[in-house]
Amino acid sequence: MPARFRPSGRNSYWGDGYLEMAVAPNHFLRQLRDLLDWEDLTRDLAECYKGGAEYGPVPYHPAVPFKMLLLSYLYNLSERQTEDFANENMPARYFLGLGGQQSAPDHSTLTVFKQRIIQREGAEAFEARLQRIVRSAKDKGISFGQIQVVDATHTIADVNVKKDEERKKEGAGPRDEDAAWGSKGRKTVRTTDGNTVKVSKSFYGYKAHLSVNAESEIITAVVVTPGNKTDGQQFPELVRKDEQAGIEANVYAGDKGYDDGDNHEMLFCRGKSSALCLNDYRTKLYPEGLWADLKASEDYKAGLKQRYKIEQKNAEAKVRHGLRRCRYLGLVKYRVQSLMTAIAMNLKRMVLLLCGVSFRGPVSPLARA
């Protein structure tokens, strides 16, 4: 029995004709609607519905709740706010393909949709969507250069640390069992005697490790870990995911956290050049030879010049799309958040490169604080 879906109402008397006229031709969401074959991108997600959409209440096509979930990341909205946004904003209704009198899925439907995907496939379903979008960018003619840049950004767990400590003293478990304390850089503080010292900046939560193509500025791979994992250890997995997505970069650049002999050797064995920033001790101890030659190479210099682009991406993810703080609890759901954030940012970039239309957001007054 084939899957069946709720009709959109677009072709009814109260269809989307008025939206066709009301939404400006150069509106970001209009361009985004036409950018991809959304039904093809999401059709297999129907298997996550109860009964595989073959029996029971007739569901929305999975493209509708998936696009609603995407809106929540584009505009940094909660799922409840996304329901209001989808019902009240004409470009959003046009993007979702809703008929004139048709209501968007409510926030509970959106939450259940996400949870069923996670229960059936984990975060792999969202990983697959990211890879398909990266491949689509290449197929549509977006140029991917030879330099990949890697870096990590931290996300604060959705936990009140003080209350969590009190809970643990009372014998209860932590609110988020997967979150961990981590260090991200150093800061200068003044001591009680007036001196200044540098101390590690700590946070409680997770890290998202990203690989970004320097030319296209498309995020090609995402790896997530608890906050206590080191950046350099995640590098091989980022390279593997890039290769899986069809990325053929020749140079990998990163900060000193990725300067590990195994990482340099892995790139060499794959026929790639390293622009992983060398710690000072390498060239001080060995002023001639392998490390000095690497530091003097053109690929090394060119790669390090592109590092700022991933720092811009990390800032964009936090400030514009809510990656500063976890939406959910647990590593799997944090992975979903990181992947959906990457998907949203990639689609913004694709619309800009292919259509010349910039994204404008967040939306007020519905944007999350």
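Structure's up top.
All values derive from a computational prediction rather than experimental measurement. Per chain, residues are indexed from 1 in the order of the written sequence. Confidence filtering applies because this is a predicted model: local features only for residues at pLDDT of at least 70, side-chain atom pairs given and counted only at 80 or more, and all residues used for totals across whole chains, interfaces and linings. Computation of side-chain values covers all heavy atoms of the structure but excludes hydrogens and water.

S.K.: For this particular structure, what's the right way to read unusual backbone geometry?
M.R.: Glycine aside, residues mostly have negative phi, and peptide bonds are mostly found in the trans state. Notably, Asn76 is not glycine yet its phi reads approximately 55 degrees, a positive angle. Here a strand is any run of E in DSSP of at least two residues, a helix any run of H or I of at least four, and the numbering for each starts at the N terminus. By secondary structure assignment, the location of Asn76 is in the loop between helix H4 (63-74) and helix H5 (79-88). Burial status follows relative accessibility: with a 1.4 Å probe on protein chains alone, a residue under 20% of its type maximum counts as buried, one over 50% as exposed, and anything between as partly exposed. On the basis of relative accessibility, which here comes to 8%, the residue Asn76 falls in the buried class. For Glu217, which is not a glycine, the phi torsion comes out positive at approximately 60 degrees. Counting through the fold element by element, Glu217 comes out in the loop between strand E3 (196-213) and strand E4 (219-226). The class of Glu217 is buried, set by a relative accessible area of 19%.

S.K.: Explanation requested: the side chain of Arg349 in the structure shown.
M.R.: Along the chain, Arg349 turns up in helix H16 (residues 331-355). Owing to a relative accessible area of 17%, Arg349 belongs among the buried residues under this scheme. Apart from residues no more than four positions distant in its own chain, Arg349 is found in contact with Glu215, Ser216, Glu217 and Ile218. Whether two residues are in contact is decided by their heavy atoms: any pair within 4.5 Å suffices.

S.K.: Explanation requested: the packing of helix H2 (residues 28-35) against H16 in the structure shown.
M.R.: Working note: a packed helix pair is described by the angle between its axes plus the distance between those axes. It is at 10 Å that the axes of H2 and H16 come closest, and there the two elements cross at 95 degrees. Judged on the interaxial angle alone, H16 and H2 are roughly perpendicular. Here H2 contributes Phe28, Gln31, Leu32 and Leu35 to the contact with H16, which in turn contributes Leu347, Lys348, Met350, Val351, Leu354 and Cys355. Amino acid classes used here: Ala, Val, Leu, Ile, Met, Phe, Trp, Tyr, Cys and Pro are nonpolar; Asp, Glu, Lys and Arg are charged; the rest, including Gly, are polar. A breakdown of the residues in the contact of H2 with H16 according to their chemical character gives 8 nonpolar, 1 polar and 1 charged. Axes here mean lines fitted to C-alpha atoms, for a helix over just the part in contact, with angles spanning 0 to 180 degrees between N-to-C directions. Roughly parallel means an angle under 35 degrees; roughly antiparallel means over 145; roughly perpendicular covers 65 to 115; every other angle is labelled oblique.

S.K.: Help me out: how do you make sense of the pairing of E4 in this one?
M.R.: Across the 8 residues of E4, 8 count as buried, placing the element largely inside the fold. A pair of strands is labelled paired if DSSP reports no fewer than 2 bridges between them. As paired strands, E3 and E4 are joined by 7 bridges and run antiparallel to one another. Following the sheet pairing, Ala208 is matched in E4 by Val224. The hairpin turn running from E3 into E4, its antiparallel successor, is 5 residues long, and Glu217 in that turn takes a positive phi close to 60 degrees.

S.K.: Any chance you could explain the environment of Gly361 here in plain terms?
M.R.: Inspection of the secondary structure assignment puts Gly361 in the segment after H16. Expressed as a C-alpha distance, the spacing of Gly361 and His321, which sit 40 residues apart in the sequence, is 9.5 Å. Once residues lying within four places of it in the same chain are set aside, the contact partners of Gly361 are Tyr75 and Arg320.

S.K.: Explanation requested: helix H9 (residues 161-169) in the structure shown.
M.R.: With a side-chain oxygen lying 3.2 Å from the backbone nitrogen of Lys162, the N-terminal cap of H9 falls on Asn160. Once H9 finishes, Gly171 follows within two positions and takes phi at roughly 95 degrees, a positive value. Polar contacts, as used here, are pairs of N or O atoms within 3.5 Å; protein pairs need one atom able to donate a hydrogen and one able to accept it. Residues neighboring in sequence count only if both atoms are side-chain atoms.

S.K.: Which parts of the structure should I look at to understand H16?
M.R.: Side chains three or four residues apart in an α-helix point the same way, a direct result of the helix having 3.6 residues per turn. Here H16 spans 35 Å end to end across 25 residues, near enough to the 36 Å set by a 1.5 Å rise per residue. Summarising burial for H16: 18 of the 25 residues are buried, a large majority. Gly356 occupies a position one or two residues after H16 and carries a positive phi of about 70 degrees. By definition here, a helix of n residues has an expected span of 1.5 Å times n minus one.

S.K.: Honestly, the pattern of salt bridges in this entry has me stumped. Any pointers?
M.R.: Side chains bearing opposite charge may pair, as long as their charged atoms lie close to each other. A pair is scored as a salt bridge if a Lys or Arg side-chain nitrogen falls within 4 Å of a carboxyl oxygen belonging to Asp or Glu. Applying the stated criterion to the full structure yields 21 salt bridges. Of the charged contacts in the structure, one is a salt bridge between Glu124 and Arg335, with a shortest N-O distance of 2.8 Å. Taken together, the residues span a long stretch of sequence, with Glu124 in helix H8 (residues 124-139) and Arg335 in helix H16 at a distance of 211 residues. When its relative accessible area of 44% is taken as the criterion, Glu124 is described as partly exposed. Accessibility expressed as a relative area gives 19% for Arg335, which makes it buried. Here Asp164 ties to Arg167 by a salt bridge, and the two come within 3.7 Å at their closest N and O atoms.

Such coordinate-based values are descriptive only and should not be taken to indicate function.
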